[in-house]
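Survey of secondary and tertiary structure
The residues making up each chain are set out below.
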Amino acid sequence: MRGRTAGAAWITVSGSAALTLLAAAGAHAEGRGDIRVTKTVVNSGNSVIIGTSARVTYPIAITIRDDSGVKGLSDVSVFNKTNGWGFSDWVDTRCEKTSSTTSVCTATMAIAPGWLPGSVPENVNRTAGVWQVNATVKANDGDYWISDRIAEFKMKRASKLTTNAAPEPVAKGAQLTVTGKLSRANWEDLKYHGFAGQEVKLQFRKSGAAHYSTVRTVKTGDVGKLSTKITATAAGSWRWYFPGTTTTARVVSAGDAVTLK
């Protein structure tokens, strides 16, 4: 890991970048001169969603200002804010000058879901949640600033959701059973497991309509299963919608179209 860190617990090398499990230092900022970070945007304002196989890259765009102009970044790191652990693979940094005093430097970060289980499996799922960004920035005149907690973002476990409505077709006024399953990525065994005890919204879009509307809310069972009965009053499509949590991604199932007979 580049730059200032605290409590490095495990280090491996992936390509040319160091991939490190870190314990976050206390929040502070230090340096010299008038260089400052004025804005930081992680992943264009979206959560970073990690599944069970694909390597995920995401940008951290840092706006930096100094009277002499900006030289660039010398360190970028990310940490889980709740438990102090994090991992960071700093792949690339590019700076774009927007004025004589200001530049936007974008660090590309990467995460592969399989990097951690063989080393500290008891920690891997706990890394989901709210994260913070730290960075060291430098100016052309030698000024520098070590900035902690310049932004926060959410690192979430990917989720999946299915829907099945039966019977198809159904008689108008008869009972329709809508089932499904909510599951989420487990970073310990790199598989998806049912997500129990979660409120999921059943939604319906009448044939010819533009939007879905929520009909009711159902809680998932022990293995993430969903089931409810509804009176069929019109032809249309049914789907489940899960709004997500701090640690698990929002997901919408594909719609299941049902006709009337």
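Preceding this section is the structure that the text describes.
Given the structure is predicted, the values throughout are model-derived calculations rather than measurements.

1. Comments concerning the pattern of salt bridges
- Across all of its chains, the model carries three salt bridges by this definition.
- The salt bridge involving Asp 92 is made with Arg 94; its shortest N-O contact spans 3.0 Å.
- Taking relative accessible area as the criterion, Asp 92 reaches 29% and is therefore assigned partly exposed.
- We classify Arg 94 as exposed; its relative accessible area is 62%.

2. A few points about the state of the cysteines
- With the rule as written, the count across this model stands at one disulfide.
- Here Cys 95 connects covalently by a disulfide to Cys 105, the sulfurs 2.0 Å from one another. Across the S-S bond linking Cys 95 and Cys 105, the dihedral sits near 110°, which makes this disulfide right-handed. Of this pair, Cys 95 sits in strand S8 (residues 85–97) while Cys 105 is found in strand S9 (residues 102–111), placing the two residues ten residues apart along the sequence.
- Residue classification places Cys 95 among the partly exposed positions, given a relative accessible area of 42%.

3. A short note on the packing of aromatic side chains
- Scanning all chains against the criterion turns up four aromatic pairs.
- Centroid distance Tyr 58 to Phe 153: 5.8 Å. Interplanar angle 45°. Geometry classified as tilted. Taken together, the residues span a long stretch of sequence, with Tyr 58 in strand S6 (residues 56–65) and Phe 153 in strand S11 (residues 144–157) at a distance of 95 residues.
- Taken together, a centroid distance of 6.1 Å and an interplanar angle of 40° make the contact between Trp 131 and Phe 153 tilted. In this pair, Trp 131 is assigned in strand S10 (residues 129–139) and Phe 153 in strand S11, connecting sequence segments 22 residues apart. With respect to burial, Trp 131 and Phe 153 carry one shared label: buried.
- By way of ring pairs, the aromatic residues Tyr 58, Trp 131 and Phe 153 are connected into one cluster.
- Of note, Arg 36 hangs over the ring of Trp 145, and the distance from its end group to the ring centre comes to 3.8 Å.
- Of note, Lys 160 hangs over the ring of Tyr 192, and the distance from its end group to the ring centre comes to 4.2 Å.

4. Some words on the pairing of strand S14 (residues 191–194)
- Bridge count for strand S13 (residues 175–186) against S14 is four bridges, and the pairing is antiparallel. Its bridge partner lying in S14, Arg 184 is registered against His 193.
- Counted along the chain from S13 to the antiparallel partner S14, the turn is four residues long, and its residue Leu 190 has a positive phi close to 60°.

5. Quick look at the nonpolar core
- By size, the foremost hydrophobic cluster in this structure holds 32 residues, and its most contacted members are Tyr 58, Ile 60, Leu 73, Val 76, Phe 153 and Met 155.
- Residue assignment for this core shows that the elements contributing at least two residues are strand S4 (36–42), strand S5 (48–50), S6, strand S7 (70–80), S9, S10 and S11.
- Discounting chain neighbours no more than four positions away, the residues touching Tyr 58 are Val 42, Asn 43, Val 48, Val 78, Ala 107, Thr 108, Met 109, Ile 111, Phe 153 and Met 155.
- In terms of nonpolar packing, the next biggest core, distinct from the first, is built from 20 residues, Ala 165, Leu 176, Leu 202 and Val 251 among them.

6. Some points on the side chain of Asp 143
- On the secondary structure map, Asp 143 appears in the loop between S10 and S11.
- No salt bridge is formed by the buried Asp 143, whose closest oppositely charged neighbour, Arg 32, lies at an N-O distance of 4.7 Å.
- For Asp 143, the side chain forms a polar contact with the main-chain nitrogen of Asp 34, separated by 3.2 Å.
- In contact with Asp 143, not counting residues within four places along its chain, are Arg 32, Gly 33, Asp 34, Ile 35, Asp 66, Val 137 and Lys 138.

7. Notes on the environment of Ala 171
- Residue position: Ala 171 is located in the loop between strand S12 (159–166) and S13.
- Exposure remark for Ala 171: the relative accessible area of 28% places this residue in the partly exposed category.
- Excluding anything up to four places from it in sequence, Ala 171 contacts Ala 232 and Lys 261.

8. Description of the pairing of strand S17 (residues 225–231)
- By the alternation rule, side chains of S17 split into Leu 226, Thr 228 and Ile 230, which are all buried, and Lys 225, Ser 227, Lys 229 and Thr 231, of which none is buried.
- Where S13 lies against S17, seven bridges are found, and the strand directions are antiparallel. Its bridge partner lying in S17, Val 178 is registered against Thr 228.

Scoring rules and cut-offs
- Every chain is numbered independently, its residues counted from 1 as its sequence is written.
- Given that this is a predicted model, residues contribute local features only at a pLDDT of at least 70 and side-chain atom pairs are listed and counted only at 80 or more, while totals for whole chains, interfaces and linings are drawn from all residues.
- Side-chain metrics in this entry use all non-hydrogen atoms of the structure; hydrogen atoms and water are not considered.
- Salt-bridge detection follows one rule: a side-chain nitrogen of Lys or Arg within 4 Å of a carboxyl oxygen of Asp or Glu.
- Relative accessible area decides the class of each residue, using a 1.4 Å probe on protein chains only: under 20% of the type maximum gives buried, over 50% gives exposed, and in between gives partly exposed.
- By definition, disulfides here are pairs of cysteine sulfur atoms that lie within 2.5 Å.
- Only runs of H or I of at least four residues qualify as helices and only runs of E of at least two qualify as strands under DSSP, and these elements are numbered from the N terminus.
- Aromatic contacts are taken between Phe, Tyr and Trp rings whose centres are within 6.5 Å, Trp giving its six-membered ring; a plane angle under 30 degrees counts as stacked, one over 60 as edge-to-face, and the others as tilted.
- Our definition puts a charge over a ring when NZ of Lys or CZ of Arg is within 6 Å of the ring centre and also within 35 degrees of the ring normal.
- Two strands qualify as a pair provided that DSSP identifies no fewer than 2 bridges between them.
- In plain words, nonpolar cores are sets of buried Ala, Val, Leu, Ile, Met, Phe, Trp, Tyr and Cys residues tied together by side-chain atoms within 4.5 Å.
- Here, residues are in contact when the closest pair of their heavy atoms is within 4.5 Å.
- Asp and Glu count as negative and Lys and Arg as positive, but His and the ends of the chain are not part of the count.
- Polar contact is the term for a pair of N or O atoms within 3.5 Å; when the atoms are in protein, one must be able to donate a hydrogen and the other to accept it, and sequence-neighboring residues count only if both atoms are side-chain atoms.

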